[in-house]
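Descriptive analysis of the structure
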Amino acid sequence: MGGLAIEDPTEAAKHQYSSSRFINTPLVELILSDGSEGGTIANVESCAAKNKKECEEAAQERAELELKSIVSEADDRLKRALELNSEQGSSSWLSARPLKHLDHELNQREFVDAIRLRYGFHFSDLPSKCGCGADNNADHALICKVGGFDIWRHDHLRDTMAELFRYAGLKPVNTEQLLLPCEGHTFPVSANTRDDARMDIVCRGLWRDMEASYLDVRVFHPNAPSYQKTSIAQLHRTHQNQKKMAYLRRVLNVEQGSFTPLVFATSGGFAPEVKRVLECVGNKICSKHQEGLSETMSFIRQKLRFSLLRSTLVALRGTKRRVVPFMPSEVDFRVT
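Residues numbered from 1 in each chain as written. Predicted model: local features only at pLDDT ≥ 70, side-chain atom pairs only at ≥ 80, totals over all residues. Heavy atoms only, no water.

Time to look at the overall build of the protein chain. A tally of helices and strands in the protein chain yields nine helices and four strands. The linear arrangement of helices and strands in the protein chain, starting from the amino end, is α-α-α-α-α-α-β-β-β-α-β-α-α. Relative to the globule expectation of 20 Å for 336 residues, the C-alpha radius of gyration of the protein chain, 26 Å, shows a markedly less compact shape. Structurally, the protein chain occupies a C-alpha span of about 100 × 55 × 45 Å along its principal axes. Residues classed as buried in the protein chain amount to 40% of the 336 residues present. Sequence-distant contacts in the protein chain: of pairs separated by 6 or more residues, those separated by 24 or more amount to 68%. Here the protein chain displays about 20,200 Å² of accessible surface, and carbon together with sulfur accounts for 53% of that area. Here the protein chain contributes 45 positive and 44 negative side-chain charges, whose respective centroids are spaced 5 Å apart. (Helix = DSSP H or I, 4+ residues; strand = E, 2+ residues; numbered from the N terminus. Rg over C-alpha atoms; globule rule 2.2 N^0.38 Å. Buried < 20%, exposed > 50% of the residue type's maximum accessible area, 1.4 Å probe, protein only. Contact = heavy atoms within 4.5 Å. Areas by Shrake-Rupley, 256 points an atom, 1.4 Å probe, with all protein chains shown as cover. Lys, Arg positive; Asp, Glu negative; His and termini not counted. Charge placed at Lys NZ, Arg CZ, Asp CG, Glu CD.)

Given below as structure tokens:
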């Protein structure tokens with residue numbers, strides 16, 4: 001629902017106590033009757049399971065009512081933050097174990113920054129001016145081109161996706177592969193027909209055996225000023241369609257393969273096409289490594305979320321300045 005799943009213990013204790021008594025009522029009655037009323041352990045377990053389900057449904061209703069109350073009093077920025085945090089995958093980093101070998105650990109400042117970004121809180125310790133000369137804040141830091149952090153974020157996520165494909169047994173998996181020349185073909189004006197056009201990920205066997213699958217990554221910041229009045233779902237559709245207009249017909253007609261856009265938000269959410277890809281990869285990982293589907297999908301979402309989160313946190317506080325080369329492009333080292 002966009003929260004941190006941390007309850008107020010003074011309020012939660014009352015509900016948990018009443019739920020515990022309600023769930024265990026059949027067992028208490030069986031013990032007090034000493035079995036004289038014909039009750040059995042099987043009946044007790046059945047009744048307890050039914051009572052537990054009722055308690056869980058009641059807890060869900062309370063949480064939804066509390067969320068509605070919070071949203072009704074929230075400003076527009078917090079409402080949008082809660083909407084972003086409710087997207088599948090955006091909150092997966094909060095439930096991940098801080099395992100270093102999986103790169104799932106955050107230091108104190110990274111964790112605080114991640115919480116601030118999650119709810120759109122103000123950053124009082126960021127420089128007032130960006131290296132590009134514009135007024136600086138968290139939203140500007142995540143869309144500024146100076147410093148190349150947007151490219152690094154894209155490349156880091158691309159490499160993480162490629163790593164997941166290889167772990168699922170897809171081969172070969174190539175990154176930044178050049179597309180075939182498209183002379184002799186006619187495409188819409190929006191299509192990318194450049195000779196040096198590349199595809200982020202190319203693999204075989206994703207959708208069908210031996211079929212070449214072409215996938216291109218895009219990461220956008222949903223709180224950019226130009227996106228403020230656009231819904232999250234519409235943003236995902238827009239970026240998906242832009243990628244398809246640029247590459248779909250070229251891949252279908254020239255490469256004779258399938259094309260799938262991989263659109264992610266810096267908040268951790270992803271477009272419907274990404275969901276289809278992750279489900280397919282998750283099933284392949286389950287088959288190859290004999291893992292449970294639920295655990296596998298959780299691992300995939302956490303892996304991608306930490307990739308986005310780390311690159312986003314680096315962009316937030318990274319040094320942004322126009323770099324002036326300190327060496328000429330060609331150096332004769334024999335002169336020195």
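Here we come to the packing of aromatic side chains. Scanning all chains against the criterion turns up five aromatic pairs. Their ring planes at 70 degrees and their centres at 6.2 Å tell us that F264 and F270 sit as a pair that is edge-to-face. Comparing F264 with F270, the two get one shared label, buried. Over the face of the ring belonging to F123 we find R116, whose NZ or CZ atom lies 5.4 Å from the ring centre. (Phe/Tyr/Trp six-rings, centres within 6.5 Å; stacked < 30°, edge-to-face > 60°. Lys NZ or Arg CZ within 6 Å of the ring centre and 35° of its normal.)

Tracing the chain through its elements places V277 in helix α8 (residues 272–289). V277 sits in the buried class, given a relative accessible area of 0%. Residues V277 and H101, spaced 176 residues apart in sequence, show a C-alpha to C-alpha distance of 25 Å.

So, about the environment of T160. By the element assignment, T160 lies in helix α6 (residues 149–167). For the pair T160 and I300, spaced 140 residues apart in the sequence, the C-alpha separation amounts to 9.8 Å. Aside from chain neighbours lying at most four places away, what touches T160 is K303, L304 and S307. Within the structure, T160 has its side chain in polar contact with the side chain of S307 (distance 3.2 Å). (Polar contact = N/O pair within 3.5 Å; in protein donor to acceptor, adjacent residues only side chain to side chain.)

What follows covers helix α1 (residues 9–33). With 25 residues, α1 extends 35 Å from end C-alpha to end C-alpha; this agrees with the ideal 36 Å at 1.5 Å per step. Where α1 bends most, the angle comes to about 50 degrees, and this point is T25, followed within four residues by the proline P26. Listed as buried for α1 are A12, S19, P26, L30 and S33. Those residues of α1 hidden inside the fold are in contact with α2 (41–73). A positive phi of about 60 degrees marks D34, the residue just after α1. (Expected span 1.5 Å × (residues − 1). Bend = angle between axes of the 7 residues up to and from the residue.)

The next subject is the nonpolar core. M161, F165, L262 and F264 are the most contacted members of the largest nonpolar core, which has 27 residues in total. Sort the elements by how many residues they give to this core and α8 lands first, with six residues. With residues near it in sequence (within four places) discarded, M161 still touches I201, L262, F264, V277, L278 and L304. Counting ten residues, the second largest nonpolar core, distinct from the first, contains M199, A212, Y247 and V251. (Core = buried A, V, L, I, M, F, W, Y, C linked by side-chain atoms within 4.5 Å.)

So far we have only geometry, and geometry alone does not tell us how the molecule works.
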